[in-house]
Structure formats: structure tokens, C-alpha cells
Amino acid sequence: MTVVSESGVHPAFEKLRSHRIATLNVTVEEYRHRKTGAQHLHMAADNDENVFFVALRTFPMDSTGVAHILEHTALCGSEKFPVRDPFFMMIRRSLNTFMNAFTSSDWTAYPFASKNRKDFDNLLSVYLDSVFFSSLDPLDFAQEGHRLEFEKPDDPSSPLVYRGVVYNEMKGAMSSATSQLWQNLSSHLFPTTTYHYNSGGEPDHIVDLEYDDLLSFYRHHYHPSNATFATYGNIPAHEHHEKFEALALSRFDRLDIDLPVRDEKRLFAPIRVEQGYGVNEGESTDHKTHIVMGWLLGHSFDLQSNLEAQLLASVLLENSASPLMRALETTDIGHSPSPLCGLEDSNREMTFVCGIEGTEPEKQAELEALIEQTLKTVVEEGVSHERLEAILHQLELHQREISGDGMPYGLQLIMTAISPMVHGGDPVALLDLEPVLAEMREKIRDRGYIPELIRRNLVDNPHRVTLTLRPDDKLEHRRQSAIKTALAAKKAKLTAEETAQIVERAKALEDRQQRKDDDSILPKVDLTDVPLKLPEPEARYAGDISAALYAQGTNGLVYEQVILPLPAMSDDELLLLPLYTTCLTEVGSGELDYLQMQDRVTAESGGISAFVSARGRIDDVQSLSGFLVLNGKALARNREALTRLLKDVFSGARFDEHDRIREMIAQVRSRREQSVTGSGHGLAMSAASQGLSAGAWLGFRLGGLEAIRDIKALDDALDEPGKLANLCSRLASLHQRMQQQQRQFLAIGEEEHLEPMAEDLRKLWQNDEPAAGGAWDIKPVSYQTRQAWLTSTQVNFCAKAYSTVAIDHPDAAALTVLGGFLRNGYLHRVIREKGGAYGGGAGQDSVNGTFRFFSYRDPRLSETLSDFDAAVEWLQTAEHDPQELEESILGVVGQLDKPRSPAGEARHAFQNRLFGRTPEQQARFRERVLAVTLEDLKRVARTWLKPDTASTAVVTSPDHRAVVEELGLAVEEL
């Protein structure tokens, strides 16, 4: 029973304040633990998706990745739960809506969310024990961090190699030029503080971390006196306090923790630095240099400084009409603006960054001059009051919007508050922007306010770094040679005893990974805890304009979509779709050029976009339907302006703006090229699946590796005479075809706004009925793939795919459960724990009728492909615990029931209706999932996962060309 004082506060805590934020529908309560000083921020909300978050300030003073490796290792067993892998075990024993852990630059956090109270309490007990009473077994450090092993672990005659999950994760992360750009820039902007170092770890430094260093870091940082707790939802704060106290805090006393928390020493003159990054040997280095300028600004936790910095960044970079963004997009110095452009305000002190990519090292002075002149011009000429009002409008809209489609809404609010809590600011002030926005509206009346901000923070600020990051096609070879030489020298010095120890540790680690722990000590939910499926939101229809209206609690926002079936298209037109959807909302409209339209979009909406949505029928993945969706959102007071904006874009998009379209293609190329090292597993799965259904083929051609190669070729060819004009003409022709298609509409908002929205639609669209255009027709595809895509990466991404069934086939449910069963029971152990990859798994894609295996940031290649086959063999031959099946079913149900934002729920329901996913079909699938048996898993694997029918694709480096050719994979150059 909870003991509370008369004031409703648990006696172990003191309440510091309570503050209602009406725009967020939360009451923020701040508490402090009396004995240890631990902070607790509770956001009381009428929401049953409760969120827990505990953060520790972690200030590493080297790049060994100690905070990151500790984040991994802390979750590998604890005092009360001395099993090998409680975190991943709980993922499969839970109905969580979110589970993860993060390492930021100066804090480490452990968050989870659940809608089930029993599940929430289960997870809380495991998380608190993992954080404050972690086992930190040396073998877990070897597995998760790094270890020296012989290439063949039991054969000392084979070469020494480095292995470890974080080691390979960071090899993958630091393969990205953008990651290297940010890390190098930070190291020079922050020469003396924790931000100088890579908190995730530099692979070459990770191997220097000793186990005793990890223990020391844990003892110094993982203490309640250094902890910040945050919760969100409908569980009262005093109930959280009872758990915190009983499960952890009562065992601690206050500790004075000395951390190197201070401001960076200021530079008195700008500095310029040039560094290299690796590209493939022999690869052209033309137009592959990145040049960025970064400034150190004020404290992120000071509300005034923070909002002024946000305002400054928005004035300069908000959209293509913003002066600095326009200069960077239109200059011929480089290809496109740097992905780093913007404000970074999560550190103690903020940084503002701008720059260019796709340039040459010698352009550094020219870029500096362009940026300096642009800033001086803004200081001299000022910024229009209308533009400043539009930017404040964006801040207000962002403040009001209930998000939560990718991450729970409560966790997003906590993530907003964590930086001031860690750095000593006021989290409530940063959450409750309404009064501050009113104050800012007064300040911007002064025409000198913004120019003075830009002058003080940028023009006259000497703490500035210009970084030139140039490609070097020999760098990676030198690095790998140095590693091999160092390892060979290390091996040559090994004594017989040291050699035996390496072999023994590898054997001990393998034994530990093979060990079957008694997981009964872990709490769990079971199928009796699975809730009845909550009904989808229901629409009402304004039939005279074919509009679906959804009443949802959107906190003063409205959402609108225009949906039309894709017309019949040639293959060439089909491949234009991604460019068409990108350009449609980025070009001018009617009498307005694209700069004027950008200003209008910012002033009247929260943004507009266009995308293609395509799916097969529920009983036939080869029969594809496709729609163009024009999408927008706005504050309710701007609902009519939003409707008019979407109508004007659709009616008058200007594909005659050739220079603008040229800029957009360069930006699309940059984004797609940068996506490879972060999304390599998805791209590999897409390549492996390409020949198995019409939808899989379309995804590969429009968004996969082939699409990346296509956009590079197009971008390179557009400088030829006539090519750009021809492309723009084809885009305009495709748009005319789209305008001939029948339209339907989706409107989402609070009840009182729906009928006015329907009336706006009638007024603007009803007299603009098109002639019926023809429907598209994607032919069925069926072929096997065996491909290896070569790119600049230090790790591999492997995939195998099999042709299976559509969502309404009786086997779809068992195949969906099978993915989790193979991951939990086999793939996680052999690919992540033993193989050292950051991740691996399997899953059924019923939209495209494919079953896919994958690995992510994987040091191995052929061995992983063999492990995919071995997983299927393991399914048929090993003894299986019925509980493993139940856990896999729970995982599927958890995904089916994953909550979305209020607008997201409505969009999802509408999309289901659009593609024939009726409530009856969804209920049928859910019932089949709950009824899956072990024999069903074995049967569907025998039926659909036959080795000779597999398609294979890998993303790897040119160093592995011989290996992939030996595997019989066709080499594709990216």
C-alpha cells in the first residue's frame, strides 16, 4: 500500500512545484528525493500510455565509448535479475510500446512505455535494477564492447581480430561522412570539454577501453544523486515514488559527484581546419568535399538564449526562401546545403552550423565569403515582420501538435525537457512556450532585434570553426593496414599463456552465449493480458465531395489530404514519381515563384508534402493499387488557408522553374547517398525482395539501391544541353495526367472543425471535377536475385528473401509470428552476440508477400548468410519451449496494438479502408495470430522458406569483391 502525506506526496520525496500547461494537456510536477537529491519530473496526463525515463549525466573525457558501452553492458544482467540478457528477454515478455536506451553526448537514458499497468511495473523493476545494480560481467563487456579474438576463435594460428557489438556499431556509424563531419567539427568547437570526444566511441579508440575503466565510470556516474527521473501518463506521481523508493533509492545516500561540467573556453579568432574522410580506393574524389562553418552560442538551458537561437536559425535556414538557405541552395560552389545546417541545442552550449557538400577543398574561402556576406546583408536589411510572424507561427504549431507516430508523445515531451534538467535550467519554461511566444511577438516589432541577434551571435562571434572534410581514397587502406600491422605485432608478442587466455575467453563467451538461463525470475505478461482490440476511429462521409471526416483530439490542429489514384504510366514516367512528389510541394504555384510559395507555406501551415502510397490486394500482392497523396496540417484558425494552399499547389504547380528543380535533384541525390550506411539493412532487404512481387519491385525501383544509382546518373547527366528542360517537361506532363484523376479527401480535426473543413472543401474543389483518367497497371514480377552492392562502408548489411503470401492468406499470421520466433530463439544470439553485428532478425512483409532475413552493421558476410539458412534448420530440428512461441505472439500483438498520435490513428484507419483492410479482415488476422502453434511455424517454414528459392542481396565494401563473387553474387556498383 502506498504511504502518502496529507498533501498526497510520498514521504521520501519533496514536491517543488506543479504547473499546468494547457496547450499540452499536462500538469508538470517537479519533485526531489530527500535523501539522494534525485530529480523527478512527472507529467500528469489523461493518457494510459505511461512513459518512464531515467537519465544519468555522463561526461566521458575520451573517445573510448565508455558511456555507450556501459549503456549496452548495464542491460546484460543485474542483482535481482542475474540472467544474461534481461533487456532483450523483456522485449519479448512485454506489451511495451517502446523500449530502448540512448547515449547522448552528455547523458545516458533508459526509457520505456506501456499501456498495460502490469507490464509497466514489470519493466520498471527490471530497468531500475539494471541501472542501479548492474552485474557488469567481464564477458558481457567483451561481447558488447570489444575483445581480441583469433579470426577462428579456437585456432591461434589464425590472425588476431577485434570484435564487439559497439565496436561494429560505431564502425558502421562512422562510415558516414556526415557523422565524421559532425564529430570533427565538434572536436574543434569544443577543444577542452566532454563534447570534444565521441561519446559513442571511435572504433580506433574503443579498443583502448579497459574493463576496470568501465567499472570506474559506472561507480562514478550511475548513482541516484546524478539521476534525473521523468514520467508521463495517468499513473500518479506518488505511486511512481513508492516504486522508486522500494526498488532502488532507499539503498542509497547522497553522494557529491564531481563531473567536468563547465563552459567551453572561448576562441578569440576563427580557426580553419582540413581533414580527410575515406572513400573507396580508386573512386573519383571530385565534388565530394564537405565544408561547414560552426559557431558556439549561449547556454541551451537558458530559455531566452535558446528561443533566440531557434529564431535566428529559422530566419536564416527555415526554408528555401530564408536568406542563408537560399544562398547555399543556389550557389555553384557546391552541390547542396550540408545536412548539418541548423541549430544543435541538446548540449550545454548550443552550436549553429551551415555549409555545403559536393564541393572542392579550394572553395573554402569562397564559401566563407558567401556566408559572411549573406549574414551582413541580413543585418543591414533586416527581416520582414511577416516572415518573423510566420516563424513564430511554426513554433506555436510545433508546441501544440500531439505527435507520437514514431516515438510515444510523452517520451517526446520528456526529451524536450531533459536538456535543461541535465544542464541546470528550467524544464517547465521550455515546455510552456505560450507566454514566451507572446513576449517574442512583442520583441520582433523592433526591426533591429533580429539583426542584432545575428550580429552578436554570428557576425561578431570569434568562436567559429570552418571545417573542410575532403575525400581520401587511400585513407581507409592506410587505416586497415595500420590495424592489421598492430594486431600482427601484438600477436607476435603473445606468450603461450596469453594465447591460451584469448582462446579460453572466446570459449567462455561462447558457452555463456549458448547458456539457457532460467528466465522465470523475470516478470512477464502473457496472452491473458492481451487487451481486446480497440476499435479504429470511424469516419463520417461528406459524400457530395467524397471526403472522409475523422473527429480526433488534435489539440487545435487540423490535418488534410487530397488522394487520387495513380494514372496509367510508362516505365519512364513511373520512375519519375519520387522526383515528382519531391518537387510538387517545393516549386512555385500560379503567379507565385517557389520563394513566395515557401513563405506562404510557412505562414499558413505546418508544412505540406506529397507521397505515393501503393499496396497489393489483401489476397494478391501482385495486384497493386497506387495513390498520390497531397498532405498538409495547420492550426485550426488556418483551416481554410490550408485547403486553399493544397488546392493551389495541385492546380498550379510550376514545373517551369528549371533552376529550382535542378537544386532539388541535387538535394535528393545527397540525401539518398547519405542513407546507405544508416539504412543499409532496409536497402539490402529491398534489393533481395525486388523480384518477388510487384510492390517489392516498385519499392526497389523508387526508393531502393537502384533508385540511388538512378538519381546519381540523372544528376550527373543534367548538365548536358537540353536534359534539364526535357526532364521538367516530362514532370509537367505527368502532373497534367495527375490532375485528370478523380479525387477524394481526408479531413482530421476536433469535432467543431470538421463541418467547416468539409464546407471549405466543397467551396474550393466541388466545381473542379476532372474527367476520369485511366488507372495504372503494374505487371506482376517473379524472379530470383543474387546481388552484392558495393559502396564505401566498414561493415556489411546482409539479406535473404523468400516469396510468401498476402495478408489475408491463412499462412500470413504464422509467418508473421515466425519472424520474431527466429530472431528471439536463434538469430539474435548467432548474429549479434556471437557474430558481433549491431543487429539481425527476420520478418514477414505481408504488404509485399515476402519473408526477409537481415543483418545490420555486420562484420561478417558469408557466415551471416549461412546463419539465415541455419535458423530455418534450427526451427525444424531443435526442441522448443512453448513460452518462446507465446513471446513471439506477444511481440506481434504489441506491434498490431502500437498506439499512434490522434491524427496518426485516423490516417492509419483511412489507409486501411483505401486498400481494403477492413475491420473484419484485421480481426481475422489477429485471431489467426493468437491461434498460431509451433507446428504451424514449422509447416510454413517448410512450405515457403525453401533454400533453393531464396533471393540474396548484400551491401558491402569493394574489399569484399572476391568474397561475393565466390558466393555467386552479381556485383553492382553504387
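Up top is the structure these notes are about.
If you're wondering where the values come from, they're calculated on a predicted model, not measured in any experiment. (Residues numbered from 1 in each chain as written. Predicted model: local features only at pLDDT ≥ 70, side-chain atom pairs only at ≥ 80, totals over all residues. Heavy atoms only, no water.)

### Side note on the pattern of salt bridges
Our working rule: What makes a salt bridge here is a side-chain nitrogen of Lys or Arg within 4 Å of a carboxyl oxygen of Asp or Glu, nothing more. Secondary structure counts use DSSP, requiring at least four H or I residues in a row for a helix and at least two E residues in a row for a strand, with both numbered from the N terminus. Burial classes: relative accessible area under 20% of the type maximum marks a residue as buried, over 50% as exposed, and values in between as partly exposed (1.4 Å probe, protein chains only).
For the structure shown, the criterion picks out 80 salt bridges. In this structure, the salt-bridge partner of R251 is E79, at a minimum N-O distance of 2.7 Å. With R251 in the loop between helix 9 (237-247) and strand 11 (271-278) and E79 in the loop between helix 1 (66-74) and helix 2 (86-92), this residue pair connects regions lying 172 residues apart in the sequence. What makes E79 partly exposed here is its relative accessible area of 48%. The closest approach of N and O atoms between K507 and D511, which form a salt bridge, is 2.8 Å. Highlighted residues: K507 and D511, both in helix 19 (residues 496-514), separated by four residues, approximately one helical turn. Residue class for D511 comes out partly exposed when judged on its relative accessible area of 41%. Shared partners join several salt bridges into a network, and the residues in it are R662, R669, E673, K712, D715, D716 and D719.

### A few points about the packing of helix 25 (residues 694-703) against helix 26 (residues 705-717)
Defined as follows: Helix axes are fitted to C-alpha atoms over the stretch in contact, other axes to C-alpha atoms as well, and angles between N-to-C directions run from 0 to 180 degrees. Small angles under 35 degrees read as roughly parallel and large ones over 145 as roughly antiparallel, with 65 to 115 read as roughly perpendicular and the rest as oblique. Crossings are classed by handedness, with left-handed meaning an anticlockwise turn of the near helix from the far one by less than a right angle and right-handed meaning a clockwise turn. Note on definitions: a residue-residue contact is assigned when non-hydrogen atoms from the two residues lie within 4.5 Å. Only Asp, Glu, Lys and Arg are considered charged in this grouping, and only Ala, Val, Leu, Ile, Met, Phe, Trp, Tyr, Cys and Pro are considered nonpolar; every other residue, Gly among them, is considered polar.
It is at 4 Å that the axes of helix 25 and helix 26 come closest, and there the two elements cross at 30°. One element, helix 25, and the other, helix 26, form an angle in the roughly parallel class. Viewed along their axes, helix 25 and helix 26 form a crossing whose handedness is right-handed. Taking contact as the criterion, the partners of F700, R701, L702 and G703 in helix 25 are, on helix 26, L705, E706, A707 and D710. Class assignment for the residues of the contact of helix 25 with helix 26 results in four nonpolar, one polar and three charged.

### Remarks on the nonpolar core
Where we set the bar: Buried Ala, Val, Leu, Ile, Met, Phe, Trp, Tyr and Cys residues that are joined via side-chain atoms within 4.5 Å together make up what is termed a nonpolar core.
Formed by 65 residues in total, the largest nonpolar core has its most connected members in F52, Y110, F132 and F229. Considering every element that reaches this core, the biggest residue donor is helix 3 (residues 117-132), with eight residues. Core analysis: the next-biggest nonpolar cluster, separate from the first, contains 60 residues, A636, L642, A653 and L702 among them.

### Considering helix 5 (residues 165-173)
Buried residues dominate helix 5, accounting for nine of its nine residues. Every buried residue of helix 5 is listed here: V165, V166, Y167, N168, E169, M170, K171, G172 and A173.

### Observations concerning unusual backbone geometry
A positive phi angle, near 50°, is found at S546, a position not held by glycine. In this fold, S546 is placed in the loop between strand 17 (540-542) and strand 18 (547-551). By relative accessible area, S546 is classed as partly exposed at 35%. Of note, the phi angle at N555 is positive, near 60°, even though the residue is not glycine.

### Looking at the packing of helix 29 (residues 812-834) against helix 34 (residues 934-944)
One can describe the packing of helix 29 onto helix 34 by two numbers: an axis separation of 9 Å at closest approach and a directional angle of 100°. Overall, the two elements helix 29 and helix 34 adopt an arrangement that is roughly perpendicular. When helix 29 is examined against helix 34, the residues A814, L815, V817, L818 and F821 are found in contact with a partner set consisting of L934, D936, L937, V940, A941 and W944. Of the residues that constitute the contact of helix 29 with helix 34, the class distribution is ten nonpolar, no polar and one charged.

### Comments concerning the sheet that holds strand 22 (residues 744-749)
Just so we agree on the cut-off: Being paired, for any two strands, means DSSP has found at least two bridges between them.
Judged by pairing direction, the sheet is mixed, and its six strands sit side by side in the order 17-18-22-19-21-20 without closing on themselves. What marks the edges here is a single partner per strand, and that holds for strand 17 and strand 20 (608-617). Pairs of neighbouring strands in the sheet enclose a mean axial angle of 25°, with direction left out of account. Looking at chain direction, strand 18 and strand 22 are connected through five bridges and run parallel. Its bridge partner being in strand 22, A548 is matched across the sheet by L746. Taken strand by strand, helix 22 (residues 639-652) contacts strand 19 (557-565), strand 20 and strand 21 (620-635), and its axis lies near 130° from that of strand 21.

### With respect to the side chain of E476
Rules: Two N or O atoms form a polar contact when they lie within 3.5 Å of each other; inside protein one atom must be a possible hydrogen donor and the other a possible acceptor, and for residues adjacent in sequence the pair counts only when both atoms belong to side chains.
Of note, E476 is situated in helix 18 (residues 475-493). Here the side chain of E476 touches Q480 through a polar contact of 2.6 Å, side chain to side chain.

### So, the pairing of strand 23 (residues 786-790)
With four of five residues buried, strand 23 lies mostly within the body of the structure. Across five bridges, the pairing between strand 23 and strand 27 (residues 951-956) is parallel. Pairing of Q787 across the sheet is with A953, part of strand 27. Strand direction decides the pairing type here: strand 23 and strand 28 (residues 970-973), joined by four bridges, are parallel. Paired with L790 across the bridge in strand 28 is E973.

### With respect to the sheet that holds strand 25 (residues 839-845)
Taking strand neighbours across the sheet as the criterion, the six strands line up as 25-26-24-27-23-28 in an open arrangement whose pairing is mixed. Edge positions in the sheet fall to strand 25 and strand 28, since each of these pairs with one other strand and no more. Ignoring which end each strand starts from, the neighbouring axes of this sheet average 15° apart. Bridge analysis of strand 24 (residues 796-803) against strand 26 (residues 850-858) gives seven bridges, and the strand direction is antiparallel. Within strand 26, the position partnered with A801 by the bridge is R852. Packed onto the sheet, helix 23 (residues 658-678) meets strand 24, strand 26 and strand 27 and runs at close to 85° relative to strand 26. Set on the sheet, helix 26 makes contact with strand 23, strand 27 and strand 28; between it and strand 23 the angle comes to about 45°.

### Some points on the pairing of strand 24
Counting buried positions along strand 24 gives seven out of eight residues, so the element sits mostly inside the fold. With five bridges joining them, strand 24 and strand 27 adopt antiparallel strand pairing. Directly across from A801, in strand 27, lies its bridge partner S951.

Read these as spatial facts, not as claims about activity.
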